[in-house]
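Overview (structure and organization)
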Amino acid sequence: MSSIRKQTIISSILVYIGFLIGAINTYFYVREGAFTTEQFGLTRLFFDVGQNVFTFASLGVIPVVYKFYPYYKDNIEDKKNDLLTWALIAATIGFILISLTGIILEPVVTRKFSERSSLFVQYYYWVYPFAFGMLLFSILEGFTWALQKTVVSNFLRETALRIVTSAFILLYYFKLISFQEFVWLFSCIYFFIAAALVIYLIRIGKFTITFSLSRVTKKFRKKMFAMQSLIFGGICIQALGQTIDGILIASLKGLGPTGIFTLAQYAANLIQVPQRSIYTISIGFLSRAWKDKNMEEINRIYQRSCINMLLLSVFIFGNIWLCVEDGLKVLNIQSAYAEALPIIFVLGIARVIDAGTGVNSTIIGTSTFWRFEFMSGVVLLTLRIPLSYILIKNYGITGSAYAELISYTVYNAIRFEFLRRKFSMQPFTVQTVYSLLLGIASFLITYFAFAHLDGWLAIIFRGLMFSGIMVTGIFLFKLTPDAKQLLEVLR
């Protein structure tokens, strides 16, 4: 667990540096006199559509890479490891097929988006280089997860990507390039970090391209293909579930509301930073633990991830909700973005629930019961798409937040119950209840203590008081064994 803790700390620090840079980027997107809400919404739609294109094009190879890598590592030398080669070949073939499908469907896209999201129609074909760069990077990233070298890939995805984006934003902000040229550069952004990851893998001697079929591939190819086939459906469903809101908002309401929703989602996604670090880092450890049938270690990771992610998510959400309204005012954010406030609250609750259930999806996905991930994903998508469509159409962009809250609550409840029944794993304890009570008490005390303040003073004093009460309570009530050990690791 100490190795996971160390990597989580380092990764979280790097990710938060990335989010700080991302916050600066978002500020230039949304401040008065910068990008329009439609232009900001277009960048969000690039990510949503690009993620779906890359997911469908990947043909499910990324989970296969980190699931089967331990067998390659234990049985053949690195120079004969052909796992990465076949993953890249399969994904390239998938991308060609998806691109051809996109060309055929272009008239449908034009018909659905031209009225409210004409910018997307104008730059539609630039989504494909964006998605291909994302695809290449994601395969290489999955390989580094299997190598348990997650800090580098996390830095590139969460920090370096935003630094490159900053450069493009500033070029446009200071009128050195046109918006069209900004879109051209933005569409190639993932190629930069993919190239950096290739260089890193070459330097550590792990980037091997070989077209000779290894004995491990020959032995496990049927199992790999079976897993790939079923997981492919699951990850496609998951990608649609994660991105359907942005696509539906752009189609039903336009790119302006999409930009507002993007700001709300960015604020809510701050809550997920530690969760994302723990997820990526735990993959390699859980894959090894399942191979070694080490159920005690799996259960320990599950329990620790639940309490740690719950405490961190409550801590971050409390700080955000106490300060966000004043933050919009003091930073001179366009008035249209005030509509994001109720969305931030609802999405924040959804993020806390998702984080508080720990690494349940990773445990299932790295086990021999990974087929269940597909089935639970079907349930998620079955709920998410109709809920999002109905609620967005009737209640606007706030309806999308409620659809996400309902869908992910049910989704996590199903995965929790599966692990409880199948493996007798139940991660919640009395500390879970105390953690929630501590968060609520800290929020109420802070809110009423400084309800009369506004502006920078409100942000500073509320943040300091809420954080101080939370941290003191965590140590005083010994809510997680990692708290004390965390200080030692940081030292």
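Up top is the structure these notes are about.
Presented here is an overview of the structure given in this document. (Residues numbered from 1 in each chain as written. Predicted model: local features only at pLDDT ≥ 70, side-chain atom pairs only at ≥ 80, totals over all residues. Heavy atoms only, no water.)

A cluster of nonpolar side chains, contributed by W86, I209, F211 and L213, occupies part of the molecular surface with about 390 Å² of accessible area. Position of I209 relative to the elements: it lies in the loop between α10 (189-203) and α11 (215-252). (Patch = residues over 30% accessible without salt bridge, like charges linked within 9 Å, V, L, I, M, F, W, Y side chains within 5 Å. Areas by Shrake-Rupley, 256 points an atom, 1.4 Å probe, with all protein chains shown as cover. Salt bridge = Lys/Arg side-chain N within 4 Å of Asp/Glu carboxyl O. Helix = DSSP H or I, 4+ residues; strand = E, 2+ residues; numbered from the N terminus.)

As a further point, take the pattern of salt bridges. This model, assessed by the stated rule, comprises twelve salt bridges. With its nearest N and O atoms 2.5 Å apart, the salt bridge here joins R44 to D48. Here the residue R44 and the residue D48 both occupy positions in helix α2 (residues 37-58), the gap between them amounting to four residues, near one helical turn. Relative accessible area serves as the criterion here: at 5%, D48 is assigned to the buried category. Here R162 ties to E158 by a salt bridge, and the two come within 3.1 Å at their closest N and O atoms. You can see R162 and its partner E158 sitting in helix α8 (residues 150-173), four residues apart, about one turn around the helix. The burial state of R162 is the same as that of E158; both residues are buried. Three or more residues are tied together by salt bridges with common partners; here these are R44, D48, D245, R351, R384 and E404. (Buried < 20%, exposed > 50% of the residue type's maximum accessible area, 1.4 Å probe, protein only.)

Time to look at the packing of aromatic side chains. Within this structure, the stated rule accounts for 43 aromatic pairs. Seen from their ring centres, F317 and F345 are 6.0 Å apart, and the 45 degrees between their planes marks the pair as tilted. Placement of F317 in helix α14 (residues 295-330) and of F345 in helix α15 (residues 341-356) is noted, with a sequence separation of 28 residues between them. Accessibility expressed as a relative area gives 35% for F345, which makes it partly exposed. For the pair F450 and F461, a centre-to-centre distance of 5.6 Å together with 20 degrees between the ring planes defines the contact as stacked. Of the two residues, F450 is situated in the loop between α19 (430-449) and α20 (455-476) and F461 in helix α20; the sequence distance between them amounts to eleven residues. For F450, a relative accessible area of 16% puts it in the buried group. Taking the relative accessible area as the measure of exposure, F461 reaches 38% and is therefore partly exposed. Of note, R415 hangs over the ring of Y411, and the distance from its end group to the ring centre comes to 3.9 Å. (Phe/Tyr/Trp six-rings, centres within 6.5 Å; stacked < 30°, edge-to-face > 60°. Lys NZ or Arg CZ within 6 Å of the ring centre and 35° of its normal.)

Another aspect to go through is the side chain of S367. Relative to the helices and strands, S367 resides in the loop between α16 (360-365) and α17 (371-395). In this structure S367 comes out as buried when scored by relative accessible area, which is 0%. Looking at S367, its side chain comes within polar contact range of the main-chain oxygen of I364, at 2.8 Å. A distance of 3.0 Å separates a polar side-chain atom of S367 from the backbone nitrogen of F369. (Polar contact = N/O pair within 3.5 Å; in protein donor to acceptor, adjacent residues only side chain to side chain.)

Turning to unusual backbone geometry, a few remarks are in order. Even without being glycine, N332 reaches a positive phi, approximately 60 degrees. Tracing the sequence through the fold places N332 in the loop between α14 and α15. Phi is positive for K478, which is not a glycine, with a value near 50 degrees. Among the structural elements, K478 can be located in the loop between α20 and α21 (482-490).

Glancing now at the side chain of N308. Within the secondary structure, N308 is located in helix α14. Excluding residues that lie within four positions of it along the chain, N308 makes contacts with T480 and D482. (Contact = heavy atoms within 4.5 Å.)

Within the largest apolar cluster, 118 residues are counted, with the highest numbers of intra-cluster contacts made by L42, F120, I139, F179 and F182. The greatest single-element share of this core, amounting to 13 residues, is contributed by helix α7 (residues 127-146). Those residues within four positions of F182 in sequence are excluded, and the remaining contacts are Y29, F35, T43, F168, I169, Y172 and I177. Core analysis: the next-biggest nonpolar cluster, separate from the first, contains 22 residues, I278, A355, I363 and F423 among them. (Core = buried A, V, L, I, M, F, W, Y, C linked by side-chain atoms within 4.5 Å.)

Within helix α9 (residues 179-187), the full set of buried residues consists of F179, F182, V183, F186 and S187. End-on view of α9: buried residues confined to an arc of 130 degrees, all on one side of the axis. (Arc of directions from axis to C-beta.)

The subject of this paragraph is the packing of α14 against α20. One way to put it is that α14 packs onto α20 with a least axis distance of 9 Å and a crossing angle of 175 degrees. Between α14 and α20, the angle is such that the two are roughly antiparallel. On the side of α14, the interface is formed by L311, V314, F315, G318, N319, L322, C323, D326, G327 and V330, while α20 contributes G455, W456, A458, I459, R462, G463, F466, S467, M470, V471 and I474. When grouped by side-chain class, the residues that make up the contact of α14 with α20 number 13 nonpolar, six polar and two charged. (Axes fitted to C-alpha atoms, helices over the stretch in contact; angles between N-to-C directions. Parallel < 35°, antiparallel > 145°, perpendicular 65-115°, else oblique. Nonpolar A, V, L, I, M, F, W, Y, C, P; charged D, E, K, R; others polar.)

As a further point, take the environment of K393. Residue position: K393 is located in helix α17. For the pair K393 and K253, spaced 140 residues apart in the sequence, the C-alpha separation amounts to 8.2 Å. Beyond its immediate sequence surroundings of up to four residues, K393 is in contact with K253 and S388.

Scope: geometric values only; no functional claims are made or implied.
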